[in-house]
Amino acid sequence: MAIVETRSLTKVFKEGQPGAVNNVSLQTREGEFLVFLGPSGSGKTTLLRMIAGLEQPTAGEILIGGAVVNHLPPRERRIAMVFQSYALYPHLTVFQNIAFPLKAQKVKKELHQQKVDWAASLLGIGKLLNRKPRELSGGERQRVALARAIVREPTVFLLDEPLSNLDAKLRAAAREELEEFQKRIGTTTIYVTHDQVEAMAMGDRVVVLHQGIVRQIGTPKEVYDDPADTFVATFLGSPPMNLLEAEDVIVGFRPERFLPSELLTPGGEQAAKNFQPQSVLVADVKDPLKRIPLRFRVEIVEYLGAERILYGYLAGTRFEKKLVYSRIPSSVLANYAANSIYDFAVPESELRFFDPATEKRIAPKAFQWQ
Ligand code: ADP
Ligand code: MG
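Residues numbered from 1 in each chain as written. Chains lettered and ligands numbered in written order. Predicted model: local features only at pLDDT ≥ 70, side-chain atom pairs only at ≥ 80, totals over all residues. Heavy atoms only, no water.

## With respect to the domain arrangement of the protein chain
A common way to report how large an interface is uses the accessible area buried once the components associate.
Inference 1: Along its sequence, the protein chain is carved into domain 1 (4-231) and domain 2 (239-368).
Inference 2: Distance between the C-alpha centres of domain 1 and domain 2: 39 Å.
Inference 3: Note on domain 1 versus domain 2: buried area summed over both sides is about 830 Å², and carbon and sulfur give 43% of it.
Inference 4: Together, Y224, P227 and T230 form the three largest contributors to the area buried by domain 1 at its contact with domain 2, with a combined 61%.
Inference 5: Here domain 1 is connected to domain 2 by 2 salt bridges.
Inference 6: We note a salt bridge from R361 to D226, for which the minimum N-O separation is 3.5 Å.
Inference 7: Where domain 1 touches domain 2, the interface holds 6 residue pairs in polar contact (both at pLDDT 80 or more).
Inference 8: Residue classes in the side of domain 1 that touches domain 2 are distributed as 3 nonpolar, 1 polar and 3 charged. (Domains from an automatic or database assignment. Buried area = accessible area lost by both parts, 1.4 Å probe. Salt bridge = Lys/Arg side-chain N within 4 Å of Asp/Glu carboxyl O. Polar contact = N/O pair within 3.5 Å; in protein donor to acceptor, adjacent residues only side chain to side chain. Nonpolar A, V, L, I, M, F, W, Y, C, P; charged D, E, K, R; others polar.)

Take a look at the structure:
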């Protein structure tokens, strides 16, 4: 087990062009499952390859277990990496595939059986050792690739979108298995994905990357509930956080917090009757139960089984032209139809405030809805 640290790590592929990774400083914790999350091209793979030693940094340092490893070749970093397109050798059996790194590292032959058995049993593939890759399902191949990675007992695991070749159902199962496995062996793991649901589900903490820059590092709850900027706010969550842009502030709230007012307040009907948008002004959030009534002109209703997504506009506010979303659990039996207006509300404590110039999170401030 080991801690991985990067200090101002930078990679510029072509001089004069923007860096693929820019000034990234982060540190894993012992035995942690850390996720790099970001859209395609955000620098996730490049960052991982620098940690693995497969790519030379333009600037900055990489430390593993407290020691700078910039000068060390990959095999001396005691790291195992599983790539997006993990290729098993088709002509070799599962046993031979898993034993391959041992051979390459000149581990004594008599130790191979014992080590392969250990790795295979951890991944529950002990019965498949004599098969060829073509005789395996996608999920089984995935496990063989992982067994091959752990057989050398690495101190750090680097996984680059290892589940992306699996179909949705298998992917969910593989995700759980991988998480469970990682907790059992306790090896510090960095896992790369562009899938925010996967990142939230698997990560002890999530590093959100955009254009090679770390936008936020935090627990899934922190990055979701308290996004550091508007990029994080909209990259996480589907549909994303609603953002209302005014001259001096951007106000955001999550679609699942924007609900029919009778859901939010017991005397909701009365509150809805007293609806006066021009009187609503948000200052410091002192009363966590305070609701802001809003009139929601619904244009589209999407039924997704467990929930409905409503798309529409905030009638009678100055953001009338901005499309906003609401997510209503299907346990709410009331019917919501397109081309209708409903009384909705958002709790004041659920509002998030951002600076329009820097896009960074700021403290709550006075805000005019109309
Ligand atoms: P991600 O894994 O998040 O999709 P990458 O790390 O693969 O992102 O890429 C980050 C950026 O660096 C992209 O703009 C990509 O085109 C560029 N890049 C990656 N590898 C190379 C390379 N070998 N040569 C030049 N540019 C590269
Ligand atoms: Mg990548």
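So, next bit.
## Quick notes on the pairing of strand β15 (residues 291-303)
Inference 1: Here 8 bridges tie β15 to strand β18 (residues 340-347), and the two strands are oriented antiparallel to one another. Residue pairing for β18: F296 is matched across the bridge by Y342.
Inference 2: Taken together, the 8 bridges between β15 and strand β16 (residues 307-315) define a ladder with antiparallel strand orientation. Bridge pairing links R295 to A315 in β16.
Inference 3: Counting the residues that bridge the hairpin from β15 to β16 gives 3 residues, and of these G305 lies at a positive phi of roughly 90°. (Pairing = 2+ DSSP bridges. Helix = DSSP H or I, 4+ residues; strand = E, 2+ residues; numbered from the N terminus.)

## Let's talk about the pairing of β16
Inference 1: The buried count for β16 comes to 8 of 9 residues, which makes it a mostly enclosed element.
Inference 2: Inspection of the sheet shows β16 paired to strand β17 (residues 324-329) by 6 bridges, in the antiparallel sense. From the neighbouring strand, I309 faces β17, where its bridge partner is R327. (Buried < 20%, exposed > 50% of the residue type's maximum accessible area, 1.4 Å probe, protein only.)

## Things to note about the sheet that holds strand β12 (residues 250-253)
Inference 1: Pairing is antiparallel in the open sheet, where 4 strands are placed in the order β11-β12-β19-β20. Edge positions in the sheet fall to β11 (242-245) and β20 (361-362), since each of these pairs with one other strand and no more.
Inference 2: Bridge analysis of β12 against strand β19 (residues 352-354) gives 3 bridges, and the strand direction is antiparallel. Among the inter-strand pairings, I250 is bridged to a residue of β19, identified as F354.

## Quick notes on the pattern of salt bridges
Inference 1: Using the criterion set out here, one finds 23 salt bridges in the structure.
Inference 2: E55 serves as the salt-bridge partner of K11, at 4.0 Å between the closest nitrogen and oxygen. With a gap of 44 residues between them, K11 in strand β1 (residues 4-11) and E55 in the loop between α1 (44-52) and β4 (59-64) connect regions that are remote in the sequence. Summarising the burial analysis for this pair, K11 and E55 share the class buried.
Inference 3: In this structure, E55 engages R49 in a salt bridge whose closest nitrogen and oxygen atoms are separated by 3.3 Å.
Inference 4: For E55, a relative accessible area of 18% translates into the label buried.
Inference 5: Taken together, the shared-partner salt bridges connect E5, R7 and E61 into one network.

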